[in-house]
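# Structure assessment
Okay, here's what each chain looks like letter by letter:
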Amino acid sequence: MSEETTTETGAEATAVAAAPVSIDPDFREQAVEALKNVSDPELGVNIVDLGLIYDLAYDEENDALVISMTLTSAGCPLTDVIENDIAESLDGLVAAFRINWVWMPPWTPARITDDGREMMRALGFNI
């Protein structure tokens, strides 16, 4: 079972969020491309290629994209920056979104995509 906390952004938060449903593959691709514009503020690589996005689903009842994601560390002080960048990147694509912060399983460098590894090498990381 995963541990999650939720951040509501956009539409008003509801006491009990509806269960998310799968999303259309074309919409998923658009959302992923939009999220590639969001960089981890400390590493300078986008959150998709870092492997921070675990899942995308849609909460039809609240008309919100549900982003299940993690961070490179649970104590990251820059979650507000990431949330604001996500809001900007999804502006015009969704009415609202909700982030489920997932801590189990924890992020590891094994989740980084090949493109992400190339970006990190270009920044001087030995990965």
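Reading the values: rules and limits
Residues numbered from 1 in each chain as written. Predicted model: local features only at pLDDT ≥ 70, side-chain atom pairs only at ≥ 80, totals over all residues. Heavy atoms only, no water. Helix = DSSP H or I, 4+ residues; strand = E, 2+ residues; numbered from the N terminus. Contact = heavy atoms within 4.5 Å. Areas by Shrake-Rupley, 256 points an atom, 1.4 Å probe, with all protein chains shown as cover. Salt bridge = Lys/Arg side-chain N within 4 Å of Asp/Glu carboxyl O. Buried < 20%, exposed > 50% of the residue type's maximum accessible area, 1.4 Å probe, protein only. Core = buried A, V, L, I, M, F, W, Y, C linked by side-chain atoms within 4.5 Å. Pairing = 2+ DSSP bridges. Right-handed = clockwise from strand over helix to strand, strands pointing away.

In the annotation of an unreviewed UniProt entry, the entry for the protein chain reads Metal-sulfur cluster biosynthetic enzyme, and the organism field reads Leucobacter komagatae.

### Things to note about the overall build of the protein chain
The helix and strand tally for the protein chain stands at 3 helices and 4 strands. Its helices and strands in sequence order give the protein chain the pattern β-α-β-β-α-β-α, from N to C terminus. Long-range contacts, defined as pairs at least 24 residues apart, comprise 68% of the intrachain contacts of the protein chain with a sequence gap of at least 6. As displayed, the protein chain has an accessible area near 7000 Å², and 49% of this comes from carbon and sulfur atoms.

### Section: the pattern of salt bridges
Enumeration over the complete set of coordinates arrives at 3 salt bridges. A salt bridge links Glu33 to Lys36, with the shortest nitrogen-to-oxygen separation between them at 3.5 Å. Given a relative accessible area of 43%, Glu33 falls into the partly exposed group.

### Focus: the nonpolar core
Counting 30 residues, the largest nonpolar core has Leu35, Leu65, Ile67, Met69, Ile86 and Leu90 as its most contacted members. Among the elements that line this core, the one with the most residues is helix H1 (residues 25–35), at 4 residues. If sequence neighbours within four positions are ignored, Leu35 has contacts with Ile47, Val48, Ile53, Leu56, Ile67, Ile86, Ser89 and Leu90.

### Here's the deal with the pairing of strand S4 (residues 97–102)
In terms of burial, S4 is largely enclosed, as 6 of its 6 residues are buried. Pairing geometry for strand S3 (residues 64–69) and S4, over 5 bridges, is parallel. Bridging across to S4, Ser68 finds its partner in Asn100. Handedness of the S3-helix H2 (residues 79–90)-S4 crossover: right-handed.

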